[in-house]
Amino acid sequence: RQVTVWSARQTLVAGTELTQADLVGVDVRLDAATVPYLAGDVPEGYVVTRVVGPGELVPAAAVAPAAATSSHVRHVAVAVSPESLPGRLTPADRVDVWVVPDALSASPETSAELVVRDAPVVSLAAADGGLTASGAESVILVLDADAIGGPDVLEEVTARLVSASAAGTVVLTLNPMTP
């Protein structure tokens, strides 16, 4: 039978509120009695729970009520200097987030620390919409409590990234396994 399901108009990352503007109706032929993809009315108050690529049919399991996910997913902005970015990032790229020691206060034995592995990028922008004195770019990352060890770890990691971002000690590396 043929049924209309929704596909992503552009990349959708975890925590993105789902709207009609994000979706395109696609007619597909399915043999199964149940439709594993989002179909019918676009549910209000739902968010995406994992990356859905442009043109990908949206799995019904990839959306959930915002209230059910709000404590598990957090968008965090980090300021990153251009030399600490892995080339040209785009939304939905996945990065590993490192905190490096502050050169002025670190001992020689201190090394970089991997703080978050495989975080999706939501957006990028030069701070304040233009170049700043430091030239830092604001990178919005999605932190998922389930992926990093739970809600308590999410709080600790968020605090660590906010502090490191303010100190200018965040480095991003592109995860080559980006979908």
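Parameters and conventions
- Residues numbered from 1 in each chain as written.
- Predicted model: local features only at pLDDT ≥ 70, side-chain atom pairs only at ≥ 80, totals over all residues.
- Heavy atoms only, no water.
- Helix = DSSP H or I, 4+ residues; strand = E, 2+ residues; numbered from the N terminus.
- Buried < 20%, exposed > 50% of the residue type's maximum accessible area, 1.4 Å probe, protein only.
- Contact = heavy atoms within 4.5 Å.
- Areas by Shrake-Rupley, 256 points an atom, 1.4 Å probe, with all protein chains shown as cover.
- Expected span 1.5 Å × (residues − 1).
- Arc of directions from axis to C-beta.
- Polar contact = N/O pair within 3.5 Å; in protein donor to acceptor, adjacent residues only side chain to side chain.
- Salt bridge = Lys/Arg side-chain N within 4 Å of Asp/Glu carboxyl O.

Asker: Can you break down the overall build of the chain residue by residue, with the values?
Answerer: Broken down by element type, the chain carries three helices and nine strands. For the chain, the sequential pattern of α-helices and β-strands runs β-β-β-β-α-β-β-β-β-α-α-β. Residues counted as buried form 37% of the 179 residues belonging to the chain. A sequence separation of at least 24 residues applies to 64% of the contacts in the chain between residues at least 6 apart. Accessible surface computed for the chain: about 9600 Å², of which carbon and sulfur atoms make up 54%.

Asker: How would you explain helix 3 (residues 151-167) if you had to name every residue and give the values?
Answerer: Helix length check: helix 3, at 17 residues, gives a terminal C-alpha distance of 24 Å against a target of 24 Å (1.5 Å per residue), a fit within 8%. Along helix 3, the residues classified as buried are L154, V157, T158, L161, A164 and S165. For helix 3, the angular spread of the buried residues around the axis is 140°, confining them to a single face. Opposite the buried face of helix 3, at more than 90 degrees from it, the exposed residues are D152, E156 and A166.

Asker: Go over unusual backbone geometry, please, and point to the residues and values.
Answerer: At D118, a residue that is not glycine, the phi angle is positive and equals roughly 65°. By the element assignment, D118 lies in strand 7 (residues 113-126). For D118, a relative accessible area of 27% gives the class partly exposed.

Asker: Quick one: what's the story with the side chain of R94, residue by residue and with numbers?
Answerer: Relative to the assigned elements, R94 resides in strand 6 (residues 94-99). Reaching out from R94, the side chain makes a polar contact with the side chain of D118 at a distance of 3.0 Å.

Asker: Requested: an account of the environment of R88, with residues and values cited.
Answerer: You can see R88 is positioned in the loop between strand 5 (73-80) and strand 6. The class for R88 is exposed, based on a relative accessible area of 76%. Separated by 86 residues in the primary sequence, R88 and L174 place their C-alpha atoms 9.5 Å from one another.

Asker: Kindly report on the pattern of salt bridges, identifying the contributing residues and their values.
Answerer: Between side chains of opposite charge, a pair can form as their charged atoms come close. Scanning the model with the defined rule gives four salt bridges in all. The salt bridge involving E155 is made with R74; its shortest N-O contact spans 2.9 Å. Placement of the pair is E155 in helix 3 and R74 in strand 5, with a sequence separation of 81 residues. Take E155: its relative accessible area is 44%, and that puts it in the partly exposed class. When the shortest N-O distance is used, the salt bridge between R94 and D118 registers 3.0 Å. With R94 in strand 6 and D118 in strand 7, this residue pair connects regions lying 24 residues apart in the sequence. Accessibility expressed as a relative area gives 16% for R94, which makes it buried.

So, to be careful, I would describe these as geometric facts and stop short of saying anything about function.
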